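Okay, here's what each chain looks like letter by letter:
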Amino acid sequence: PIDEDGFSLTHLQKATSYIKGKIPSSPRILIICGSGLGILADSLQSPIVIPYGDIPNFPESTIKGHSGQLVFGTISGINVLCMKGRFHYYEGHSLKKITSPVRIAKLLGVELLIITNAAGGVNQKYKVGDIMLIKDHINFLGFAGTHPLRGLNDDDFGDRFFPVNRSYDKNIRKIAVEIGQSLGIGPNLHEGVYAMVGGPNYESPSEVRALRTLNVDAVGMSTIPEVLVAKHCGLKVFGFSLITNECVADYDSEKQPNHEEVLAAVNSRTQQLKDFVIKVIEKCNFN
Ligand code: HPA
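Residues numbered from 1 in each chain as written. Predicted model: local features only at pLDDT ≥ 70, side-chain atom pairs only at ≥ 80, totals over all residues. Heavy atoms only, no water.

(A) Layout of helix α8 (residues 270–283). If you check α8, its first and last C-alpha atoms are 20 Å apart, about what 14 residues at 1.5 Å a residue would give, namely 20 Å. When we look at burial in α8, the residues that qualify are Thr270, Leu273, Lys274, Phe276, Val277, Val280 and Ile281. The arc enclosing the buried residues of α8, seen along the axis, measures out at 165°, which places them on a common side. Two residues or fewer after α8 comes asparagine 285, characterised by a positive phi angle close to 60°. (Helix = DSSP H or I, 4+ residues; strand = E, 2+ residues; numbered from the N terminus. Expected span 1.5 Å × (residues − 1). Buried < 20%, exposed > 50% of the residue type's maximum accessible area, 1.4 Å probe, protein only. Arc of directions from axis to C-beta.)

Following this line, the structure appears as structure tokens:
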């Protein structure tokens, strides 16, 4: 059962060896770029681009705004691997397939996962273009027993049962808040709770109201599977959402969330987000 979808150690090692053959040294950080956030990879110095399609057993993405390349490079001298294009459950991939790059990153020597996404603002105080540092999550798929680690446990990566409190590194969040302030985005920076739903539809007004009563601040269709697999194998995690639209809670509102609006919101924040991520990495003291 752990051979499912290229998730076995042998399959993952094949992908890992291929990537190792293309890069000069081990990455320490994996950045997973959310919808439209592939531009974060442009911050890497001396980039080496590896198309997903060339990597044995690697998944391939199917949607606009997700280009499908692994980019290796450095940020202030620190080796970083960037996934330009991520995978979603609604595309039809299994959760094992979606999260296999996290295990490959672990095998390559990565210690920190920086994970980003575009998300709808559930919290009424959040505005389009705001950044929410993820301090905790609600995994709706997990409530229903859908989990990337369902099946035999691979003890080489981690224990069968594992905690997920303290998943989102407190120290890095603190650094990120300080950097946000220094960049003048303090008022647009929050710490909040991210919930993952399956998608691909945006939420109904009643669903948005339900999320509010559960103290959810932002909602999206990704991220948590990768975080779970990262925590299972002992990676540190720092995650943030870019709020790309307000969730519609009014039953008769004329507004309708759409993908174009999501991408436009991302594009308006590109440069700031790049500066933000570079500074967070610099301040994390990886040297
Ligand atoms: N809901 C779910 N996922 C999303 C949204 C949203 O409103 N915006 C961007 N991703």
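That was the structure; now back to the text.
(B) Up close: the site of the ligand. Around the ligand, the neighbouring residues are Ala118, Ala119, Gly120, Tyr202, Glu203, Val219, Gly220, Met221, Thr244, Asn245, Cys247 and Val262. One nitrogen or oxygen atom from the side chain of asparagine 245 is found 2.7 Å from a nitrogen atom belonging to the ligand. Burial of the ligand by the protein amounts to 95% of the accessible area it has alone, namely 260 Å². Broken down by secondary-structure element, the contributors of at least two residues to the shell around the ligand are β5 (112–121), β8 (218–220) and β9 (236–246). For the shell around the ligand, the per-class residue count stands at 7 nonpolar, 4 polar and 1 charged. (Near = heavy atom within 4 Å. Polar contact = N/O pair within 3.5 Å; in protein donor to acceptor, adjacent residues only side chain to side chain. Areas by Shrake-Rupley, 256 points an atom, 1.4 Å probe, with all protein chains shown as cover. Nonpolar A, V, L, I, M, F, W, Y, C, P; charged D, E, K, R; others polar.)

(C) Region of the structure containing the environment of asparagine 188. With respect to the helices, strands and loops of the structure, asparagine 188 is situated in the loop between α4 (170–182) and β7 (189–196). For asparagine 188, a relative accessible area of 24% puts it in the partly exposed group. Between the C-alpha atom of asparagine 188 and that of isoleucine 243, which follows or precedes it by 55 residues, the distance is 9.9 Å. Apart from residues lying up to four places away in sequence, asparagine 188 is in contact with Asp130, Ile131 and Arg269. (Contact = heavy atoms within 4.5 Å.)

(D) Spatial organisation of the pairing of strand β3 (residues 69–75). Counting buried positions along β3 gives 5 out of 7 residues, so the element sits mostly inside the fold. In terms of strand pairing, strand β2 (residues 45–51) meets β3 through 5 bridges, oriented antiparallel. Within the sheet, the bridge partner assigned to valine 49 lies in β3 and is valine 71. The pairing of β3 with strand β4 (residues 78–84) spans 7 bridges and is antiparallel. Each residue of the ladder has a partner; that of glutamine 69, found in β4, is lysine 84. (Pairing = 2+ DSSP bridges.)

(E) The arrangement of the confidence of the model for the protein in detail. On average, the protein scores 93 in pLDDT, and the residues at 70 or more come to 96%. We note a pTM of 0.96 for the whole complex and an ipTM of 0.98 for its interfaces. (pLDDT = per-residue confidence, 0-100.)

(F) Seen up close, the packing of aromatic side chains. A full pass over the atoms with the stated rule returns 6 aromatic pairs. Measuring from centroid to centroid gives 5.4 Å for tyrosine 52 and phenylalanine 87, while their planes differ by 45°, and the two rings are tilted. Taken together, the residues span a long stretch of sequence, with tyrosine 52 in the loop between β2 and β3 and phenylalanine 87 in the loop between β4 and α2 (95–108) at a distance of 35 residues. We note that tyrosine 52, like phenylalanine 87, is buried. Considering the side-chain rings of phenylalanine 58 and phenylalanine 87, the 6.3 Å spacing of their centres and the 70° angle between planes classify their relative orientation as edge-to-face. Remark: phenylalanine 87 occurs in the loop between β4 and α2 and phenylalanine 58 occurs in the loop between β2 and β3; sequence separation between them is 29 residues. (Phe/Tyr/Trp six-rings, centres within 6.5 Å; stacked < 30°, edge-to-face > 60°.)

(G) Examining helix α7 (residues 259–268) more closely. Buried residues of α7: Val262, Leu263, Ala265 and Val266, and no others. For α7, the angular spread of buried residues about the axis comes to 160°, placing them on one side. Opposite the buried face of α7, at more than 90 degrees from it, the exposed residues are Asn267 and Ser268. For α7, the N-terminal cap is asparagine 258; the gap from its side-chain oxygen to the backbone nitrogen of glutamate 260 is 3.2 Å.

(H) Quick peek at the pattern of salt bridges. Here the structure, examined in full by the defined rule, presents 6 salt bridges. The closest approach of N and O atoms between arginine 86 and glutamate 226, which form a salt bridge, is 3.2 Å. Here the residue arginine 86 occupies a position in the loop between β4 and α2, and glutamate 226 occupies one in helix α6 (residues 224–232), the gap between them amounting to 140 residues. For the residue pair arginine 86 and glutamate 226, the accessibility class agrees, reading buried in each case. (Salt bridge = Lys/Arg side-chain N within 4 Å of Asp/Glu carboxyl O.)

(I) Up close: the nonpolar core. Membership of the largest hydrophobic core comes to 45 residues, with the highest contact counts inside it found for Ile19, Leu30, Leu70 and Leu113. It is α2 that contributes the most residues to this core, 6 residues altogether. Grouped together as the second largest cluster of nonpolar side chains are 33 residues, Ile75, Phe238, Phe240 and Val277 included. (Core = buried A, V, L, I, M, F, W, Y, C linked by side-chain atoms within 4.5 Å.)

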